[in-house]
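Results of the structural survey
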Amino acid sequence: MTISLNAFLIVAGLLFAIGFFGVLLRYNTLVLYMCLELMLNATTLALVAFSRFNGTPDGNTFVFFIITVAAAEVAVGLAIIVQLYRRRGTVQVDELTALKD
Amino acid sequence: MTPVTTTLALLLLPLASAAVIALFLRRRHNLAAALSVLAAAGIAALAACLIFGAENRGQTITGSLEWLTLGPLTLKLGFLVDDLAKLMLSVVAFVGFLIHVFSLGYMHDDAAKARFFGGLSVFMFSMLGIVLADNLFMIFIFWELVGFSSYLLINHYNQKQSAADASKKAFIVNRVGDFGFLLGIIWCWWQFKTVNLAELTALRWQGGTAISTALPLLLFCGAVGKSAQFPLQVWLPDAMEGPTPVSALIHAATMVAAGIYMLCRINFLMTVDAVQAIMWIGVATAAYAALCAVVQRDIKKVLAYSTLSQLGYMVAAFGLGQLVWLEWPQADTPHQLWFWGAAAAMFHLTTHAFFKALLFLGSGSVIAGCHHEQDIFKMGGLWKKMPVTFWTFTIGVAAIVGLPFLSGFFSKDAILYLAFLNNKAVFGILTATAVLTAFYMVRMWKITFFGEARSHESEHAHETGLTMTLPLIVLAILSVVGGYSGIFSKIAGSFAEAVPEAHGSAHTGMLLLSCGILLLGGGVAWVFYKTEATDSLAAKSPAAFGLLVKLQELFDRLYGYYVAKVQQRFALVLDFFDFIFVAGVPRFTAQITSWFGSGARLLHVGSLHGYVYWFLFGAALCWAIATGLL
């Protein structure tokens, strides 16, 4: 049994949508962060699928870079969130409005 | 002080008092009351200066300053204090002062005394403005101000829904009349290019200016509203929701008489047809109100309908006398200032102010004595318990029914004599009305003061204090002597000479007629009404009683139907069109602006989600540019 490219793309699209609306609608920074990661993973999934169906390695190459960068990003991002919590006592974005003033 | 500064001080004194009360004394009730009464005393003193002062006798005081210039239209504020104004001034100042004193007693325990006395001061200011004004615009300004202060004071017991409704009704009904008045003033300015009374008089005597009948009738609309003439009479009985001194001051002695005063001010603008219409409206009001008064239970409502009826008399008198002059213009020289009609109307206005203020204050004393019971069928037997009130009230009743040689006798006979000379139909109706007046006044008087006490409140009635009885006594004296020409000409000057007076056999005839009216109306009422807890007329002839009640309610029902069923629906249709077409367009454009505003705001409020939307918008924009869509 083979799975068509469209199925992969639909899953990738759904994942991206979940991540996107999560960013738009949630308030917890950690959840936002996970949603960002979800969107990133949606694109990686799409790239892998393209690579597989084209029979070329370009997509896979991208994915390796993305994973590396994402790992570094998560390390920095989570550290920032931890620091944020230590300083401000909260990670809710609606309370983090210091830029307003 | 020059006469002009005296007049100015007279006008500004109550305004100052009202301002001080409104700004500083709203919680200092007794101080506010004292200030307002002092201001009223000051007004009375200054008015006495103007009226009786040797240097002012027979003089007309004028003075004016420019207020506004709008293109060709210049609005001026100024004084014209002639004999007519002095007469009205004496009524407003002296009766007003006595009522202020009475209010000290009547409103003694009131929780909002400061507001009440502040309102009285505002009213005095507005009323004096009408009296002293030298042009129609200024009259109109103060005309609205008295309407406003009347609204304030009717609504004094503002926790009562009926009082709130009554004040709104009074204000709105007055607006109907005032609209016509304003149109009349604009017309007047358009035709004569001036609204100054002295200049208008001069223009009129030069001749050659034809006046349309509609002009005086439009001006008369103002009087119809303010003096509660047929068919705008509905507000006055409801206005009795206000405190009793207010009813005495505004709704009996002064403000409702302002309409008649205004008519006399513009008497030179009259035409024959207009005067006919005015006369018949006055006659209709007099007769209608007298019929309604017969079935009232509330002591103040009886007096309110009686006031309406007497105002009708004055308007009819004005019409009758004016007619005489207009139909034989050569008989009077144009330089004769006052005519029979104006003189007879103002004479009755003055005596009416005395005895009706007395009757209202008397009823206030009765109400206060009976612990705020107003139903005459729950009173009774008060003559022993409240002797001062009883005797003064009796004098008031005697004056209004025209007992010979009291003030009401002279003024009412002047009107009846005028009617007798000119129009027999009017004479017949007015005589019948006089009989009815005697009938309902004696009915009220007997049921209120005689027999046994018919309720707990009237059993424990007590005479009221000195601040209330003293004004009653003074007003009673004025009601007795106010009609004698010696007294009247002192305050009215040249005016008194124009009052029509019967001589010789006609004099005897009028005297007999007056006695006949009194005996017939009063006698029938005295015999017919029993001092019981029920209305004798309702018991013996329910049909007649029901008919009169229906007649009384007719206009309220008619207006209620019109407002609820016709006007309201029409207004709803208009409101719909307004919502969609007129207000809809600006509302939609405003909404667009508002959207831009909230979008731009998102950039600055520090909301992460706002930034995400903007990011999205930016990405879409970039995409659109990249694909060549933009």
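Values in this document were obtained by computation on a predicted structure and should not be read as measured data.

Regarding its fold elements, chain B presents 26 helices and 2 strands. Taken over the C-alpha trace, chain B has a radius of gyration of 28 Å; the compact-globule value for 630 residues is 25 Å, and the two agree within 12%. Projected onto the principal axes, the alpha-carbon positions of chain B cover approximately 115 × 65 × 50 Å. Accessible surface computed for chain B: about 25,600 Å², of which carbon and sulfur atoms make up 70%. Averaging the locations of the 37 positively and 32 negatively charged side chains of chain B gives two centres separated by 5 Å.

Attention now moves to the overall build of chain A. A tally of regular secondary structure across chain A gives 3 helices and 0 strands. Its helices and strands taken in sequence order, chain A reads α-α-α from the N to the C terminus. Computed over the C-alpha atoms, the radius of gyration of chain A is 17 Å, more than 25% above the 13 Å expected from 2.2 N^0.38 for a compact globule of 101 residues. The buried share of chain A, taken over its 101 residues, is 27%. Of all intrachain contacts in chain A linking residues separated by at least 6 positions in sequence, the fraction that spans at least 24 positions is 56%. By element, 70% of the accessible surface of chain A is carried by carbon and sulfur atoms, the whole surface being about 7,000 Å². For chain A, the centre of its 6 positive side-chain charges and the centre of its 6 negative side-chain charges are spaced 5 Å apart.

Looking now at the interface of chain B and chain A. Counting residues at the interface gives 8 residues for chain B and 11 residues for chain A. Interface area lost by chain B to chain A is led by Leu-608, His-609 and Val-612 of chain B, which between them contribute 51%. Linking chain B with chain A are 0 salt bridges, by the criterion used here.

So, about the packing of aromatic side chains. Residue and element names in this part refer to chain B. Taken as a whole and assessed by the stated rule, the structure comprises 31 aromatic pairs over all chains. Ring geometry for Phe-409 versus Phe-410: centroids 5.2 Å apart, planes at 65 degrees, classification edge-to-face. With a relative accessible area of 3%, Phe-409 lands in the buried category. A residue is classified by how much of its surface remains accessible, and Phe-410, at 22% relative accessible area, is partly exposed. An aromatic cluster is present here, built from Trp-383, Phe-390, Trp-391, Phe-393, Trp-445, Phe-449, Phe-450 and Trp-526 joined pairwise through their rings. Over the ring of Phe-420 we find Lys-424; its NZ or CZ atom is 4.8 Å from the centre of that ring.

This paragraph deals with the pattern of salt bridges. Residue and element names in this part refer to chain B. This structure, assessed with the given rule, holds 8 salt bridges over all chains. Linking Lys-169 and Asp-556 is a salt bridge whose minimum nitrogen-to-oxygen distance equals 2.8 Å. Pair noted here: Lys-169 is in helix α6 (residues 161-192) and Asp-556 is in helix α24 (residues 542-582), with a separation of 387 residues, a long-range link. Here Asp-556 falls in the partly exposed class, since its relative accessible area comes to 33%. One salt bridge in this structure joins Arg-557 and Glu-553, with 3.1 Å as the shortest N-O distance. Placement of the pair is Arg-557 and Glu-553 together in helix α24, with a separation of 4 residues, close to one helical turn. The class of Glu-553 is partly exposed, set by a relative accessible area of 29%.

What follows concerns empty space enclosed by the protein. Residue and element names in this part refer to chain B. This model, assessed by the stated rule, comprises 2 cavities of 30 Å³ or more. The volume enclosed by the largest cavity comes to roughly 50 Å³. Gln-233, Val-234, Pro-237, Tyr-288, Tyr-305, Gln-552, Phe-555 and Asp-556 are the residues that line the largest cavity. Of the residues belonging to the lining of the largest cavity, the class tally is 5 nonpolar, 2 polar and 1 charged. Lining of the second largest cavity is provided by Val-401, Gly-402, Lys-412, Asp-413, Leu-416, Ala-434, Ser-514 and Ile-517. Elements supplying a minimum of two residues to the lining of the second largest cavity: α17 (407-422) and α22 (504-528). Top element by residues in the lining of the second largest cavity is α17. It accounts for 3 residues. Broken down by class, the residue content of the lining of the second largest cavity amounts to 4 nonpolar, 2 polar and 2 charged.

Time to look at the pairing of strand β2 (residues 73-81) of chain B. All names here are of chain B. Bridge count for strand β1 (residues 61-70) against β2 is 9 bridges, and the pairing is antiparallel. Across the sheet, Thr-69 pairs through a bridge with Thr-74, a residue of β2. Counted between consecutive antiparallel strands, the loop separating β1 from β2 contains 2 residues, among which Gly-71 sits at a positive phi close to 60 degrees.

This next bit is on the environment of Gly-129 of chain B. Residue and element names in this part refer to chain B. Structurally, Gly-129 is set in helix α4 (residues 113-132). By relative accessible area, which is 0% here, Gly-129 ends up buried. Gly-129 sits 82 residues away from Ala-47 along the chain, and the two C-alpha atoms are 13 Å apart. Residues in contact with Gly-129, not counting those within four places in the same chain, are Leu-11, Met-138 and Phe-142.

A cluster of nonpolar side chains, Leu-603, Trp-614, Phe-617, Leu-621, Trp-623, Ile-625, Leu-629 and Leu-630 of chain B, forms an exposed patch at the surface whose accessible area comes to about 880 Å². For Leu-629 of chain B, the location among the structural elements is in the segment after α26 (608-626).

In this section: the confidence of the model for chain B. All names here are of chain B. When the pLDDT values of chain B are averaged, the result is 85; 95% of them are 70 or greater. When mean pLDDT is compared element by element in chain B, helix α5 (residues 136-154) scores highest at 91, while helix α21 (residues 485-492) scores lowest at 71. When the criterion is pLDDT under 50, residues 330-337 qualifies, and its contacts beyond four places in sequence or with other chains add up to 3 contacts. Per the prediction output, this complex has pTM 0.78; the corresponding ipTM is 0.71.

Let's shift gears to the side chain of Asp-110 of chain B. Residue and element names in this part refer to chain B. Tracing the chain through its elements places Asp-110 in the loop between α3 (83-106) and α4. Buried charged residue Asp-110 carries no salt bridge. Nearest counter-charge: Arg-115, at 6.0 Å. Only 2.9 Å separates the side chain of Asp-110 from the backbone nitrogen of Ala-112, close enough to count as a polar contact. Side chain to side chain, Asp-110 and His-156 meet in a polar contact 2.8 Å long. Apart from the residues lying within four places of it in its own chain, the contact partners of Asp-110 are His-156 and Tyr-157.

Before going further, it helps to examine the packing of helix α16 (residues 387-400) of chain B against helix α18 (residues 424-449) of chain B. All names here are of chain B. Between α16 and α18, the least distance of the axes is 9 Å, while the angle of their chain directions is 170 degrees. Regarding the angle of α16 to α18, the classification is roughly antiparallel. For the pair α16 and α18, the sense of crossing is left-handed. From α16, Phe-390, Phe-393, Thr-394, Val-397 and Ile-400 reach across to α18, where they touch Thr-437, Met-441, Met-444, Trp-445 and Phe-449.

About the cut-offs
- Residues numbered from 1 in each chain as written.
- Chains lettered and ligands numbered in written order.
- Predicted model: local features only at pLDDT ≥ 70, side-chain atom pairs only at ≥ 80, totals over all residues.
- Heavy atoms only, no water.
- Helix = DSSP H or I, 4+ residues; strand = E, 2+ residues; numbered from the N terminus.
- Rg over C-alpha atoms; globule rule 2.2 N^0.38 Å.
- Areas by Shrake-Rupley, 256 points an atom, 1.4 Å probe, with all protein chains shown as cover.
- Lys, Arg positive; Asp, Glu negative; His and termini not counted.
- Charge placed at Lys NZ, Arg CZ, Asp CG, Glu CD.
- Buried < 20%, exposed > 50% of the residue type's maximum accessible area, 1.4 Å probe, protein only.
- Contact = heavy atoms within 4.5 Å.
- Buried area = accessible area lost by both parts, 1.4 Å probe.
- Salt bridge = Lys/Arg side-chain N within 4 Å of Asp/Glu carboxyl O.
- Phe/Tyr/Trp six-rings, centres within 6.5 Å; stacked < 30°, edge-to-face > 60°.
- Lys NZ or Arg CZ within 6 Å of the ring centre and 35° of its normal.
- 1 Å grid on protein atoms, 1.4 Å probe; cavity = no way out; pocket = protein on both sides within 12 Å on 5 of 7 lines; lining within 4 Å.
- Points joined across faces, edges and corners; volume = space filled by probe spheres on them.
- Nonpolar A, V, L, I, M, F, W, Y, C, P; charged D, E, K, R; others polar.
- Pairing = 2+ DSSP bridges.
- Patch = residues over 30% accessible without salt bridge, like charges linked within 9 Å, V, L, I, M, F, W, Y side chains within 5 Å.
- pLDDT = per-residue confidence, 0-100.
- Polar contact = N/O pair within 3.5 Å; in protein donor to acceptor, adjacent residues only side chain to side chain.
- Axes fitted to C-alpha atoms, helices over the stretch in contact; angles between N-to-C directions.
- Parallel < 35°, antiparallel > 145°, perpendicular 65-115°, else oblique.
- Left-handed = near helix turned anticlockwise from the far one by under 90°.

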